[in-house]
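Report on the structure
This is what each chain is made of:
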Amino acid sequence: MQESNTHAILAAMLAPAFFLTATASLLLSANNRLARIIDRARTLLRELPEVRDERERQLYEKRIALQRLRSLLMLRAGQLLYIAISCFVGTSLAVAVDTFAGHRLGSLPIWLASAGVLSMFAASFLLARESTLAVTAINEEMDHRPTRPLPPGG
């Protein structure tokens, strides 16, 4: 194998690494967000039995349902990001195997890379949707926060 050809093959194998880095960063963020959603849902579930007022109980049920939706969006985003990582690693391997197999894999590396990019693209939409729901949730909680009576003389 010629040296220039070797460098081109190595460059083609390393190109998915840039996507891997970006995907790993998104995945770390998604997993952190999922952990926060789970913590918030657990807090709401712990507080729910103490709520006696029917209107307030409905608000808690609504908040819990919103956390469930957020967690499902984050789960799907995480799954798509894991698929993207697999596709990018598969792309790198396919480039190497294709080289040693005499270029018999055809466009498989391109399909794998494209699938990885599409998975990352779809996950980004889910992450954006979940961010919108997070803001909706906090705004709803601020709008319906319990009011405490002012202390005498205050």
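My aim in this report is to walk through the structure given alongside it, one point at a time. (Residues numbered from 1 in each chain as written. Predicted model: local features only at pLDDT ≥ 70, side-chain atom pairs only at ≥ 80, totals over all residues. Heavy atoms only, no water.)

1. Quick word on the layout of surface pockets
- Taken as a whole, the largest pocket holds about 230 Å³ of empty space.
- Arg33, Arg36, Ile37, Arg40, Gln67, Arg70, Glu130, Ala134, Ala137, Ile138 and Glu141 together form the lining of the largest pocket.
- Those elements giving two or more residues to the lining of the largest pocket turn out to be helix H1 (3-47), helix H2 (54-100) and helix H3 (108-143).
- The class makeup of the residues in the lining of the largest pocket is four nonpolar, one polar and six charged. (1 Å grid on protein atoms, 1.4 Å probe; cavity = no way out; pocket = protein on both sides within 12 Å on 5 of 7 lines; lining within 4 Å. Points joined across faces, edges and corners; volume = space filled by probe spheres on them. Helix = DSSP H or I, 4+ residues; strand = E, 2+ residues; numbered from the N terminus. Nonpolar A, V, L, I, M, F, W, Y, C, P; charged D, E, K, R; others polar.)

2. Things to note about the pattern of salt bridges
- Taken as a whole and judged by the stated rule, the model has four salt bridges.
- The salt bridge involving Glu141 is made with Arg40; its shortest N-O contact spans 2.7 Å. Pair noted here: Glu141 is in helix H3 and Arg40 is in helix H1, with a separation of 101 residues, a long-range link.
- On the basis of relative accessible area, Glu141 is assigned to the buried category, the value being 18%. (Salt bridge = Lys/Arg side-chain N within 4 Å of Asp/Glu carboxyl O. Buried < 20%, exposed > 50% of the residue type's maximum accessible area, 1.4 Å probe, protein only.)

3. Focus: the packing of aromatic side chains
- Summed over the entire model, instances satisfying the criterion amount to two aromatic pairs.
- The lysine or arginine in question, Arg63, covers the ring of Tyr60, its NZ or CZ lying 5.5 Å from the ring centre. (Phe/Tyr/Trp six-rings, centres within 6.5 Å; stacked < 30°, edge-to-face > 60°. Lys NZ or Arg CZ within 6 Å of the ring centre and 35° of its normal.)

4. Regarding a negative patch on the surface
- Together, Asp53, Glu54, Glu56 and Glu61 line one region of the surface with negative charge.
- With respect to the helices, strands and loops of the structure, Glu54 is situated in helix H2. (Patch = residues over 30% accessible without salt bridge, like charges linked within 9 Å, V, L, I, M, F, W, Y side chains within 5 Å. Areas by Shrake-Rupley, 256 points an atom, 1.4 Å probe, with all protein chains shown as cover. Lys, Arg positive; Asp, Glu negative; His and termini not counted. Charge placed at Lys NZ, Arg CZ, Asp CG, Glu CD.)

5. A look at the nonpolar core
- Judged by nonpolar contacts, Leu27, Ala30, Leu34, Ile37, Met74, Ala77, Leu81, Ala84, Phe88, Met120, Ala123 and Leu127 together constitute the single largest core of twelve residues.
- Only H1, H2 and H3 provide two or more residues apiece to this core.
- Of the residues forming this core, the biggest block, five residues, is contributed by H2.
- In this structure Ala77 touches Ala123, Leu126 and Leu127, once residues within four positions along its chain are discounted. (Core = buried A, V, L, I, M, F, W, Y, C linked by side-chain atoms within 4.5 Å. Contact = heavy atoms within 4.5 Å.)

6. Quick notes on the packing of H2 against H3
- At a closest axis distance of 8 Å, the pairing of H2 and H3 adopts a crossing angle of 160°. Between H2 and H3, the interaxial angle falls into the category roughly antiparallel. Crossing angle aside, the handedness with which H2 passes H3 is left-handed.
- Among the residues making up the contact of H2 with H3, the classes are represented as 28 nonpolar, five polar and eight charged. (Axes fitted to C-alpha atoms, helices over the stretch in contact; angles between N-to-C directions. Parallel < 35°, antiparallel > 145°, perpendicular 65-115°, else oblique. Left-handed = near helix turned anticlockwise from the far one by under 90°.)

7. Some thoughts on a nonpolar patch on the surface
- A contiguous nonpolar patch, built from Leu118, Phe121 and Phe125 and spanning about 360 Å² of accessible area, is present on the exposed surface.
- With respect to the helices and strands, Phe125 occurs in helix H3.

8. A closer look at H2
- Over its 47 residues, H2 runs 69 Å from end to end, which matches the ideal 69 Å to within 8%, given 1.5 Å per residue.
- In the stretch just after H2, Gly102 is the one whose phi turns positive, near 75°. (Expected span 1.5 Å × (residues − 1).)

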